[in-house]
2 protein chains.
Amino acid sequence: MVLEWVEARLRDGELSVGDKLPAERALAELFEISRASVREGIRVLDALGLVSSEVGSGPRSGATVVSEPSHALAWALRMHVATQALPMADIVDMRVLLETQSMKSAGRSDPAVRDEICGRARQILQRMDEGVSEELFHALDAEFHVTLGELSGNVVMVTILTSLRTAVVGYVAEGVARIEDWPKLRRRLQAQHWEILEAATRGDHAAAAELLREHILDFQAAVAS
Amino acid sequence: MVLEWVEARLRDGELSVGDKLPAERALAELFEISRASVREGIRVLDALGLVSSEVGSGPRSGATVVSEPSHALAWALRMHVATQALPMADIVDMRVLLETQSMKSAGRSDPAVRDEICGRARQILQRMDEGVSEELFHALDAEFHVTLGELSGNVVMVTILTSLRTAVVGYVAEGVARIEDWPKLRRRLQAQHWEILEAATRGDHAAAAELLREHILDFQAAVAS
């Protein structure tokens, strides 16, 4: 009930990102339900990245409308991967499709925007070169790929890519743990990252897309073997 | 806490689709939290399409593990479209990309599977020809597109397509309500559906993909004008 009410208010523009929800007590009176039930509804909105709840009293307490779509999608995908309803092979295929398409679309976007995105991607790779921990390497790796996804200029694309990456991060770490010579694979992956970025930076998006496809499939073959 | 526990059990294979979760009381004791808190966790799992809860007592009561990934994704996307974090234009672009790609991939799949999918798509179009209500027309329209998405052979693709379609169904109905001659547009859309299906059925997947792209953009132009 709280969920439907929030959705309707968002759609008619009465609620926007940054606004506070009414207090639990007011919502409970409005719907004639218990405050515990209102709290349950707000917890779901929180889990889905639609509100951010602050506990306690004072001006910062209560639920604020935020919007982090990839949060909910990633969580849902991760859980459904765990039930094996979503096979990893299909997730890899989707990554290849979406990431290469983002790269191919890059040619249509504003050169200044492309340069800015490539600049951020470069900073991520430079950090990865600094001998970071394995865990941070995986996190930066995911961030690098999602940053390149911004070349699509499509926020739904970036949201879905972020969700797919976040959903499989645990599986990536498990796969890597089974690999005999991880330092060697890590160097190869990082060399591939640099090649992809160099092609994108010089504007050869078709080559960058092909390198990206080979890179994703190479990693998948390495962890699956 | 309940969420992490369920995820861990799913991943190590101790829980599978069709299994029952332990009773609220048992989970509350296990985590040393209140039964109301356990119930909150289960509500979130229910909202995300991971368990199905039956109220009351008896053998059918309690929460059963199910897996309906598109449920959670659709809900999350719909809410985030409402906050305007996800622009409709970007959703349309994603639909064009994913639906045309599914059609193009169809050539790689088993001919018997393709025939079965096209047969189901044909039955949907035949029902739409029978003068169904506007609401049912939209629902069958979405079902037709998602059914063709199965030609990709990728369940993650189908899940994302289902989510995108379900997320925007309200906006489609609103857009159509603003159109002057809906019966005329409806005939045009339905004629396009038949053309797409005929091309797919005779195995000309490249032509079907192009017709599908034109169809999605034609509809979008009609409701946006």
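Computed from a predicted structure; not experimentally measured.

Digging into the packing of helix 6 (residues 111-128) of chain A against helix 10 (residues 182-201) of chain A
Residues and elements named next belong to chain A. The geometry of helix 6 relative to helix 10 is characterised by a closest axis approach of 11 Å and an angle of 160° between their N-to-C directions. Taken as axis vectors, helix 6 and helix 10 run roughly antiparallel relative to one another. In this structure, helix 6 meets helix 10 at a crossing whose hand is left-handed. Together, Cys118, Ala121, Arg122, Leu125, Gln126 and Met128 of helix 6 and Arg186, Gln190, His193, Trp194, Leu197, Glu198, Ala200 and Thr201 of helix 10 make up the contact between the two elements. In terms of residue class, the contact of helix 6 with helix 10 is built from seven nonpolar, four polar and three charged.

A closer look at the pattern of salt bridges
Under the definition given, this model contains 18 salt bridges over all chains. Between Glu24(B) and Arg39(B) there is a salt bridge, with its nearest N and O atoms 3.1 Å apart. Pair noted here: Glu24(B) is in helix 2 (residues 24-31) and Arg39(B) is in helix 3 (residues 35-47), with a separation of 15 residues, a long-range link. Given a relative accessible area of 38%, Arg39(B) falls into the partly exposed group. If you follow the salt bridges from partner to partner, you end up with Glu24(A), Arg35(A) and Arg39(A) in one network.

Brief notes about the environment of Asn154(A)
For Asn154(A), the position within the fold is in the loop between helix 7 (134-149) and helix 8 (155-167). Placed 15 residues apart in sequence, Asn154(A) and Val169(A) show a C-alpha to C-alpha distance of 23 Å. Apart from the residues within four sequence positions on either side, Asn154(A) is in contact with Asp90(B), Asp93(B) and Met94(B).

Topic: the nonpolar core
Within the largest apolar cluster, 88 residues are counted, with the highest numbers of intra-cluster contacts made by Met94(A), Leu98(A), Met103(A), Met94(B), Leu98(B) and Met103(B). Contact partners of Met94(B), with chain neighbours within four places excluded, come to Leu98(A), Asn154(A), Val156(A), Met157(A), Ile160(A) and Leu164(B). Counting 38 residues, the second largest nonpolar core, distinct from the first, contains Leu3(B), Leu27(B), Ala28(B) and Val44(B).

With respect to the packing of helix 10 (residues 182-201) of chain B against helix 11 (residues 205-224) of chain B
Residue and element names in this part refer to chain B. Packing of helix 10 against helix 11 leaves a shortest axis separation of 8 Å and a crossing angle of 165°. Taken together, the axes of helix 10 and helix 11 are roughly antiparallel relative to one another. Our pair here, helix 10 against helix 11, has a crossing hand that is left-handed. Here Leu185, Arg188, Leu189, Gln192, His193, Glu195, Ile196, Ala199 and Ala200 of helix 10 come into contact with helix 11, specifically with His205, Ala207, Ala208, Leu211, Leu212, His215, Asp218, Phe219 and Ala222. Grouping the amino acids of the contact of helix 10 with helix 11 by side-chain chemistry returns 11 nonpolar, four polar and three charged.

So, the environment of Glu214(B)
Residues and elements named next belong to chain B. With respect to the helices, strands and loops of the structure, glutamate 214 is situated in helix 11. Since its relative accessible area comes to 42%, glutamate 214 is described here as partly exposed. The spacing of glutamate 214 and glutamine 192 is 22 residues in sequence and 9.0 Å in space, taken between C-alpha atoms.

Some thoughts on the environment of Ser53(B)
Residue and element names in this part refer to chain B. Among the structural elements, serine 53 can be located in strand 1 (residues 51-54). When the C-alpha atoms of serine 53 and asparagine 154 are compared, they prove to be 28 Å apart, with 101 residues separating the residues in sequence. Once residues within four sequence positions are removed from consideration, serine 53 is found in contact with Ile42, Asp46, Gly62 and Ala63.

Topic: helix 8 (residues 155-167) of chain B
All names here are of chain B. The terminal C-alpha atoms of helix 8 lie 18 Å apart, and with 13 residues this matches the ideal 18 Å at 1.5 Å per residue to within 8%. When helix 8 is considered as a whole, its buried residues turn out to be Val156, Met157, Val158, Thr159, Ile160, Leu161, Thr162, Ser163, Leu164, Arg165 and Ala167. At the N-terminal boundary of helix 8, the capping side chain belongs to asparagine 154, with an oxygen 2.8 Å from the backbone nitrogen of valine 156.

Calculation criteria
Residues numbered from 1 in each chain as written. Chains lettered and ligands numbered in written order. Predicted model: local features only at pLDDT ≥ 70, side-chain atom pairs only at ≥ 80, totals over all residues. Heavy atoms only, no water. Axes fitted to C-alpha atoms, helices over the stretch in contact; angles between N-to-C directions. Helix = DSSP H or I, 4+ residues; strand = E, 2+ residues; numbered from the N terminus. Parallel < 35°, antiparallel > 145°, perpendicular 65-115°, else oblique. Left-handed = near helix turned anticlockwise from the far one by under 90°. Contact = heavy atoms within 4.5 Å. Nonpolar A, V, L, I, M, F, W, Y, C, P; charged D, E, K, R; others polar. Salt bridge = Lys/Arg side-chain N within 4 Å of Asp/Glu carboxyl O. Buried < 20%, exposed > 50% of the residue type's maximum accessible area, 1.4 Å probe, protein only. Core = buried A, V, L, I, M, F, W, Y, C linked by side-chain atoms within 4.5 Å. Expected span 1.5 Å × (residues − 1). Polar contact = N/O pair within 3.5 Å; in protein donor to acceptor, adjacent residues only side chain to side chain.

Distances and angles like these do not, on their own, reveal function.
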